[in-house]
Amino acid sequence: PNLNIIFIDNSNLNIFYDIFHHSCENFSYYFTPNFANISHMVEKYNWKITALMIDNKLWAYYIFQNLFLDYNEDGVNKNVIKNIINYYDKTVKKEIFILGFMISLSLMSKDLKNEYFLIENVGDNTIITKSLFEKYKPVKQYENYVYLYNFSYYPKESKNVLMMI
């Protein structure tokens, strides 16, 4: 198959629309901004989206955020980006999804000149974090909880939640 990683921006955001809505339907719980807000975040360069295209169809996406944050290590500031959420169609092999992530992360590192990244452990990111922890040791690990005002559910497994906040 013909595999490509493409950048999604406002000129081709329409091809992202279908896979985005499909991804929301495939999780038990999802919390996302509306599509106009996603478009705005991409336009203002806060969010960078890459997508795995196989034979001219999108099968996965990876959303990164430039935090405009520096991590000071030994007196040297190093840029940090955040991987908000990733998704893949389950007909694609996990290894292909992970390869797409690694290529996307490499492209982001070149584009944004970052040396560190944060990754949320929700949705399909859980597959990525598991793969990364098999090969790499994290600099730091944090446990986070999300509390939404005036909204309650019993705790949910992070792999069943798609969250872009």
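Our structure's up above, just so we're on the same page.
These notes cover the structure that comes with them. This structure is a prediction, so every number in the text was calculated from the model and none was measured.

Applying the stated criterion to the full structure yields 3 salt bridges. K90 is the salt-bridge partner of D124, the closest N and O atoms lying 2.8 Å from each other. With D124 in the loop between β6 (114–119) and α4 (125–135) and K90 in the loop between β5 (76–88) and α3 (94–112), this pair connects stretches of sequence that are 34 residues apart. What makes D124 buried here is its relative accessible area of 4%.

Not every positive phi belongs to a glycine, and D55 is a case in point at roughly 50°. Residue placement: D55 occurs in the loop between β3 (47–54) and β4 (57–73). A positive phi angle, close to 65°, is found at N56, a residue other than glycine. Structurally, N56 can be placed in the loop between β3 and β4.

Moving on, we get to the packing of α3 against α4. For the pair α3 and α4, the least separation of the axes is 10 Å and the interaxial angle reads 80°. In terms of axis orientation, α3 runs roughly perpendicular to α4. Mapping the contact onto sequence places K94, F97, I98, F101 and M102 in α3 and I127, I128, S131 and L132 in α4. Residues belonging to the contact of α3 with α4 are distributed by class as follows: 7 nonpolar, 1 polar and 1 charged.

Procedures and definitions
- Residues numbered from 1 in each chain as written.
- Predicted model: local features only at pLDDT ≥ 70, side-chain atom pairs only at ≥ 80, totals over all residues.
- Heavy atoms only, no water.
- Salt bridge = Lys/Arg side-chain N within 4 Å of Asp/Glu carboxyl O.
- Helix = DSSP H or I, 4+ residues; strand = E, 2+ residues; numbered from the N terminus.
- Buried < 20%, exposed > 50% of the residue type's maximum accessible area, 1.4 Å probe, protein only.
- Axes fitted to C-alpha atoms, helices over the stretch in contact; angles between N-to-C directions.
- Parallel < 35°, antiparallel > 145°, perpendicular 65-115°, else oblique.
- Contact = heavy atoms within 4.5 Å.
- Nonpolar A, V, L, I, M, F, W, Y, C, P; charged D, E, K, R; others polar.

Nothing here speaks to function; it is all geometry.
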